[in-house]
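# Structure assessment
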There are 2 protein chains.
Amino acid sequence: MSGTISGGRLLRVHEGLFKKNDQQAARNRETFRAARVRAVNLLSAPGAGKTAILERTIRELRPSRAGVIVGDLATDNDARRIRSTGAPAEQITTGTICHLDASMVAAAVARMGLDGLDVLFLENVGNLVCPASYDLGENLRVVVLSVTEGEDKPLKYPVVYRNAGVALINKMDLAEAVEFDRQTAHANIRRVAPEARILEISAKTGSGFQAWLDCLANIST
Amino acid sequence: MSGTISGGRLLRVHEGLFKKNDQQAARNRETFRAARVRAVNLLSAPGAGKTAILERTIRELRPSRAGVIVGDLATDNDARRIRSTGAPAEQITTGTICHLDASMVAAAVARMGLDGLDVLFLENVGNLVCPASYDLGENLRVVVLSVTEGEDKPLKYPVVYRNAGVALINKMDLAEAVEFDRQTAHANIRRVAPEARILEISAKTGSGFQAWLDCLANIST
């Protein structure tokens, strides 16, 4: 991290961790496949609206059943919000750790179980940097951009966008108030994630949700 | 990070890096003191408005002179925005690294110089987790909360708030549109940062800026 003296040693330790993480992610993927659950890794900056998106998604997905594993440094606010929809939710409190990893997810899956679930959402720690490097075994990676963050964020945080299958542009109800430039935002997402499907939604009003639900129904495993 | 097998080794490597970082931060602090420059470390989630705050601050601070060191994973957009105000700005492109550290700042200071500056802003990588652990040698740590992020963020990212001298609540011009709950936001900041001064501002309209400028004029070194 400091790029000086201990840099090489740190890199080697991290490479070892990433390798172990990839192995656990492969095991998670097998667990999800065996349980016929589609797993979705949801990433964004803090406050982009991941939990609000999930609250509405869970309600509108019915009769499909969704469960959620939520990562946060502190508090179980999000798991409590999710449970109020009637869906099972398991909170992972990471302390000072800036991302979820595959072993945390495996432990949470063991606590919660996957019985009767069609979709499992993995709501990552709000962070556009660290979570990008950790495969959780998901079938689909979704990155959320809020219109309030500015259109340049895909260019400034390219790694998290690069591996995303879907980019959700959320808070479209605020687009006019913040003078959101749709064309620039789409062009910037396309530059770093040419394959990602871009969907504009509002978790508050529900606009754009049908396309998002269709997308979830068609995840390839 | 995974908390398994390599956890202890990783912790020891990180402890070594933090110690080196603290030593470099002390040298930075001495450099700033000798140059009679007050250094401000500015932290927030992506898109909370750090650069917009600095653009207006630099203009309104005059005749005091400010310089900026900006951290981002990719692009030099922010440094270019800052330079358009006439202030010197140095971009640090961190690649996949999720924070600035004291040695990166020392190198950027060496490139930019501090001649004629009264204030040096260190605009950190947009991230509410990792930058919290790295002292850059600053005299004041400022954390920015955007009203669009939600009032719960101080409780969910307590470490970055805990060490802040000032908490800026930005985008107050959007407070009504997002039904921002001032009382809850203030109470949540107070819970994790009882000593922090809380200021409500809008970088767009300039509301609340006089108190912020007064604050900068009275940084103790």
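Refer to the structure printed above.
I will try to describe carefully the structure that is included in this document. (Residues numbered from 1 in each chain as written. Chains lettered and ligands numbered in written order. Predicted model: local features only at pLDDT ≥ 70, side-chain atom pairs only at ≥ 80, totals over all residues. Heavy atoms only, no water.)

Moving on, we come to helix α8 (residues 209–217) of chain B. Residues and elements named next belong to chain B. Burial in α8 covers these residues: F209, W212, L213, C215 and L216. Relative to the axis of α8, the buried residues are bounded by an arc of 155° and lie together on one face. In α8, the exposed residues that point more than 90 degrees away from the buried face are Q210 and A217. Residues of α8 that are buried make contact with β1 (38–44), α2 (50–61), β4 (119–123), β5 (140–146), β6 (166–170) and β7 (197–200). (Buried < 20%, exposed > 50% of the residue type's maximum accessible area, 1.4 Å probe, protein only. Helix = DSSP H or I, 4+ residues; strand = E, 2+ residues; numbered from the N terminus. Arc of directions from axis to C-beta. Contact = heavy atoms within 4.5 Å.)

Turning to the nonpolar core, a few remarks are in order. With 54 residues, the main nonpolar core has V160 and I169 of chain A together with V160 and I169 of chain B as its most contacted residues. Breaking this core down by element, the ones donating at least two residues are β5 (140–146), α6 (158–162), β6 (166–170) and α7 (182–192) of chain A together with β5, α6 (158–162), β6 and α7 (182–192) of chain B. Apart from residues lying up to four places away in sequence, V160 of chain A is in contact with L43, L128, A132 and V143 of chain A. (Core = buried A, V, L, I, M, F, W, Y, C linked by side-chain atoms within 4.5 Å.)

Glancing now at the packing of helix α2 (residues 50–61) of chain A against helix α8 (residues 209–217) of chain A. Residues and elements named next belong to chain A. In the contact formed by α2 and α8, the axes pass within 11 Å of each other and the chain directions differ by 70°. With respect to each other, α2 and α8 are oriented roughly perpendicular. In this structure, α2 contributes I53, R56, T57, E60 and L61 to the contact, and α8 contributes F209, W212, L213 and L216. Looking at the contact of α2 with α8 residue by residue, the class counts come to 6 nonpolar, 1 polar and 2 charged. (Axes fitted to C-alpha atoms, helices over the stretch in contact; angles between N-to-C directions. Parallel < 35°, antiparallel > 145°, perpendicular 65-115°, else oblique. Nonpolar A, V, L, I, M, F, W, Y, C, P; charged D, E, K, R; others polar.)

Attention now goes to the relation of the copies chain B and chain A. In the superposition of chain B on chain A (RMSD 0.0 Å, axial shift 0.0 Å), the rotation amounts to 180°. Between the two chains, the operation in question is that of a two-fold axis. (Least-squares fit on C-alpha atoms with pLDDT ≥ 70 in both.)

All right, on to the pairing of β5 of chain A then. Residue and element names in this part refer to chain A. Most of β5 sits inside the fold, with 7 of its 7 residues counted as buried. The alternating pattern of β5 places L140, V142, V144 and S146 on one face and R141, V143 and L145 on the opposite face, and all of these are buried. Relative to β5, strand β1 (residues 38–44) runs parallel, the two sharing 5 bridges. Bridge assignment links N41 to a residue of β5, and that residue is R141. Taken together, the 5 bridges between β5 and β6 define a ladder with parallel strand orientation. In the sheet register, V144 faces β6, and the bridge partner there is L168. (Pairing = 2+ DSSP bridges.)

Let us now look at the interface of chain B and chain A. Counting residues at the interface gives 48 residues for chain B, matched by 49 residues for chain A. Summed over both sides, the interface of chain B with chain A buries roughly 4100 Å², with 63% coming from carbon and sulfur. Across the chain B-chain A interface, the total number found is 6 salt bridges. A salt bridge links D78 of chain B to K156 of chain A; the nearest nitrogen and oxygen atoms lie 2.7 Å apart. Counting across the interface, chain B meets chain A through 10 residue pairs in polar contact (both at pLDDT 80 or more). Elements with a minimum of two residues in the side of chain B that touches chain A: α1 (7–34), α3 (77–83), α4 (102–112), α5 (153–156) and α6 of chain B. Among the elements that take part in the side of chain B that touches chain A, α1 of chain B stands out by supplying 6 residues, more than any other. Considering only residue class, the side of chain B that touches chain A consists of 24 nonpolar, 12 polar and 12 charged. (Buried area = accessible area lost by both parts, 1.4 Å probe. Salt bridge = Lys/Arg side-chain N within 4 Å of Asp/Glu carboxyl O. Polar contact = N/O pair within 3.5 Å; in protein donor to acceptor, adjacent residues only side chain to side chain.)

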